[in-house]
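# Summary of the model geometry
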Amino acid sequence: MYHFDFTQTSNLWTTQSKTKRAFDIFVAATMLVLFAPSMLLIAICLFLVSPGPVIYAHKRVGKGNVPFYCLKFRTMAIDAEQRLEDLLNADPEMRREWKQTRKLRHDPRIVAGIGNLLRKSSLDELPQIINVLRGDMSIVGPRPIVEDELAHYGGFKDAYLSVRPGLTGPWQTSERSDGSYVSRVMKDVDYIYNANLRTDISLIYTTASKLVNLRLGGAY
């Protein structure tokens, strides 16, 4: 795995900048106002199709290795975890795909109809606006991961843990489900070391453009 001594170089914008935090709060607050009606409609539709909690909170690794609960609209069946375990035990090919990418192209756990739409459009991630306002996440940054995934970052683990995970980011706006995890790590690391305000604005614009065209591939 790649290695880099993060103690020798840091990007003020991604690791310490108060300006980035102020930018995050402004953008997140604006998004919350704009998307509140849509979020309410999504919650109602989701509950009608699949009764149960409409928000799913999953434990992820945050800045400084502090865990937080990442919020999403629930796009999977209530017993999704058990279904995943049963599926991976029964299908070696699915298990191999999950091990390599931590996601499944044809995921039988997803709520039919609205679940696929939310994931394809990434609208399932709108509740993470709350995570940004709470300070768990940034608008732009590496996507939040579970603790087991830190191993993929190897010598770049400290770099990943130096920043807040992002609502969107370089992987989110590029290959996403089509790329390898190594490629994802490299995109995250490049962002951490080289990002600036212009980069964030560009990634937000790209995300918005793809969202409008429903071109963002879903990710679990």
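Refer to the preceding data block for the structure.
In this report, the structure presented in the accompanying data block is examined. (Residues numbered from 1 in each chain as written. Predicted model: local features only at pLDDT ≥ 70, side-chain atom pairs only at ≥ 80, totals over all residues. Heavy atoms only, no water.)

Regarding its fold elements, the protein presents nine helices and four strands. Scanning the protein from its N terminus toward the C terminus, one meets helices and strands in the order α-α-β-β-α-α-α-α-β-α-β-α-α. Its C-alpha atoms give the protein a radius of gyration of 17 Å, within 12% of the compact-globule value 17 Å for 220 residues. When the backbone C-alpha atoms are referred to their principal axes, the protein occupies close to 50 × 45 × 30 Å. (Helix = DSSP H or I, 4+ residues; strand = E, 2+ residues; numbered from the N terminus. Rg over C-alpha atoms; globule rule 2.2 N^0.38 Å.)

The backbone phi angle of N65 is positive, close to 65 degrees, even though this residue is not glycine. Looking at where N65 falls in the secondary structure, it is placed in the loop between β1 (55-61) and β2 (67-73). Assessed through its relative accessible area of 41%, N65 is described here as partly exposed. One non-glycine residue, S122, lies in the positive phi region at around 70 degrees. One can find S122 in the loop between α5 (114-121) and α6 (128-134). Of the residues examined, S122 reaches a relative accessible area of 8% and is grouped as buried. (Buried < 20%, exposed > 50% of the residue type's maximum accessible area, 1.4 Å probe, protein only.)

With that out of the way, let us pick up the nonpolar core. With 40 residues, the main nonpolar core has F73, I139, Y153 and Y191 as its most contacted residues. Mapped by element, the contributors of at least two residues to this core are α2 (18-49), β2, α5, α6, β3 (138-140), α7 (157-161) and α8 (181-194). Here this core gets eight residues from one element, more than from any other, and that element is α2. Each residue touching Y191, except ones within four places of it in the same chain, is listed here: N11, W13, T14, K20, V140, G141, P142, P170, T199, D200 and L203. (Core = buried A, V, L, I, M, F, W, Y, C linked by side-chain atoms within 4.5 Å. Contact = heavy atoms within 4.5 Å.)

So, on to the pairing of β1. By the bridge criterion, seven bridges tie β1 to β2 in an arrangement that is antiparallel. Bridged to A57 within β2 is L71. What sits between the antiparallel neighbours β1 and β2 is a turn of five residues, in which G64 has the positive phi angle 70 degrees. (Pairing = 2+ DSSP bridges.)

The next subject is the layout of surface pockets. One simple way to see leftover space: roll a probe sized like a water molecule over the atoms. Counted as a void, the largest pocket has a volume near 380 Å³. Lining the largest pocket are 19 residues, and of these M31, L167, I204, T207 and A208 lie nearest its centre. Looking at which element gives the most residues to the lining of the largest pocket, the answer is helix α9 (residues 197-212), with five residues. Its residues assigned to classes, the lining of the largest pocket shows 13 nonpolar, five polar and one charged. (1 Å grid on protein atoms, 1.4 Å probe; cavity = no way out; pocket = protein on both sides within 12 Å on 5 of 7 lines; lining within 4 Å. Points joined across faces, edges and corners; volume = space filled by probe spheres on them. Nonpolar A, V, L, I, M, F, W, Y, C, P; charged D, E, K, R; others polar.)

So far we have only geometry, and geometry alone does not tell us how the molecule works.
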